[in-house]
Amino acid sequence: MDEVLEVAELATDAGVEGVLVWVFRLLGLVLALAGLGLWLLADFSFLWIPAVLLVLGILLAVVPDLLLSLVELAG
C-alpha cells in the first residue's frame, strides 16, 4: 500500500494527477458499460462476469480520486 501512495504522491508532485484521474474514470466507464451491455444485451449464463465488470468499473471511477485526496491530506 505504501508503494501505491508513493506513486500517487509522485503523480501529484508532477502535476499529472488530473490526467491520471480522468484516464481511470474513462476506463471505469468503459468497463461499467461493458458489464451493463453484457448483462442486458447478451445471452450470458454467467451473471458474475457482468457484475464483476460493473463493480470494477465503479471502483476505477471512484478510487483514484479518493486516493489522491488521501495523499493530499496525509502529506
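Residues numbered from 1 in each chain as written. Predicted model: local features only at pLDDT ≥ 70, side-chain atom pairs only at ≥ 80, totals over all residues. Heavy atoms only, no water.

Student: When you look at a negative patch on the surface in this model, what are you seeing that I'm missing?
Tutor: Taken together, the side chains of Asp2, Glu3, Glu6, Glu9 and Asp13 present a region of like negative charge at the surface. Examined against the element boundaries, Asp2 turns out to sit in helix H1 (residues 2–14). (Patch = residues over 30% accessible without salt bridge, like charges linked within 9 Å, V, L, I, M, F, W, Y side chains within 5 Å. Areas by Shrake-Rupley, 256 points an atom, 1.4 Å probe, with all protein chains shown as cover. Salt bridge = Lys/Arg side-chain N within 4 Å of Asp/Glu carboxyl O. Lys, Arg positive; Asp, Glu negative; His and termini not counted. Charge placed at Lys NZ, Arg CZ, Asp CG, Glu CD. Helix = DSSP H or I, 4+ residues; strand = E, 2+ residues; numbered from the N terminus.)

Student: When you look at the packing of aromatic side chains in this model, what are you seeing that I'm missing?
Tutor: Aromatic ring pairs: the centre-centre distance and the angle between the two ring planes describe each pair. All told, the structure shown has 0 aromatic pairs when counted by the stated rule. Cation over ring: Arg25 sits above Trp22, and NZ or CZ is 4.6 Å from the ring centre. (Phe/Tyr/Trp six-rings, centres within 6.5 Å; stacked < 30°, edge-to-face > 60°. Lys NZ or Arg CZ within 6 Å of the ring centre and 35° of its normal.)

Student: How should I be thinking about the environment of Leu68 in this particular structure?
Tutor: Turning to its location among the elements, Leu68 is positioned in helix H3 (residues 48–74). Of the residues examined, Leu68 reaches a relative accessible area of 10% and is grouped as buried. (Buried < 20%, exposed > 50% of the residue type's maximum accessible area, 1.4 Å probe, protein only.)

Student: I would appreciate a short explanation of H3 in the present structure.
Tutor: Every α-helical turn comprises 3.6 residues, leaving residues that sit three or four positions apart pointing alike. For H3, spanning 27 residues, the distance from its first C-alpha to its last is 36 Å, which sits close to the expected 39 Å at 1.5 Å a residue. Its axis deflected by about 30° at Val63, H3 carries its strongest bend there, up to four residues before the proline Pro64. All of the buried residues along H3 are Pro50, Leu53, Gly57, Pro64, Leu67, Leu68 and Val71. (Expected span 1.5 Å × (residues − 1). Bend = angle between axes of the 7 residues up to and from the residue.)

Student: Whenever I open this one, the confidence of the model for the chain confuses me. Can you help?
Tutor: Detail in the predicted coordinates should be disregarded across regions flagged by low pLDDT. Taken over all residues, the pLDDT of the chain has a mean of 82, while the share at 70 or more is 95%. Within the chain, the element-level pLDDT minimum falls on H1, averaging 73, and the maximum on helix H2 (residues 17–41), averaging 87. (pLDDT = per-residue confidence, 0-100.)

Student: What's the story with a nonpolar patch on the surface in this structure? I'm lost.
Tutor: Taken together, Leu26, Leu29, Leu33, Leu36, Trp39, Leu40, Leu41 and Leu47 make up a surface patch of nonpolar side chains, about 880 Å² in accessible area. Relative to the helices and strands, Leu26 is located in helix H2.

Student: When you look at the environment of Ser45 in this model, what are you seeing that I'm missing?
Tutor: Mapped onto the elements, Ser45 comes out in the loop between H2 and H3. Separated by 35 residues in the primary sequence, Ser45 and Leu10 have C-alpha atoms spaced 43 Å apart.

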